[in-house]
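# Topology and contacts: notes
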Amino acid sequence: MDFNKITDVQIEGIDMTDYPDFCDAYIESCAVDGIEATEEQLDAINADSRFVHEQVYKELW
């Protein structure tokens, strides 16, 4: 997965009481190379907890 092609990220499950880990957060939807991600792609993207964590921080700050 080329994470540089991911845009329009929508995060769900952000719980501020879980700061700074946000371990329940996940990417609900996004676009990959301009096309809405499939469930399989979302599963692969969400499997990369580092990427998800970075996206949560972008969403919040």
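Let us look at the structure shown here. (Residues numbered from 1 in each chain as written. Predicted model: local features only at pLDDT ≥ 70, side-chain atom pairs only at ≥ 80, totals over all residues. Heavy atoms only, no water.)

### Considerations on the pairing of strand E2 (residues 26-32)
Pairing of strand E1 (residues 6-12) with E2 involves 5 bridges; the strand directions are antiparallel. Bridging across to E2, Ile 6 finds its partner in Val 32. Direction of pairing for E2 relative to strand E3 (residues 35-36): antiparallel, over a ladder of 2 bridges. Across the sheet, residue Ala 31 finds its bridge partner in E3, namely Glu 36. The antiparallel pairing of E2 with E3 creates a hairpin that spans 2 residues between the two strands, and Asp 33 there sits at a positive phi of about 55°. (Pairing = 2+ DSSP bridges. Helix = DSSP H or I, 4+ residues; strand = E, 2+ residues; numbered from the N terminus.)

### Examining the pattern of salt bridges
Applying the stated criterion to the full structure yields 1 salt bridge. With a shortest N-O distance of 3.7 Å, Glu 54 and Arg 50 are connected by a salt bridge. You can see Glu 54 and its partner Arg 50 sitting in helix H2 (residues 49-60), 4 residues apart, about one turn around the helix. The exposed category is assigned to Arg 50, whose relative accessible area is 64%. (Salt bridge = Lys/Arg side-chain N within 4 Å of Asp/Glu carboxyl O. Buried < 20%, exposed > 50% of the residue type's maximum accessible area, 1.4 Å probe, protein only.)

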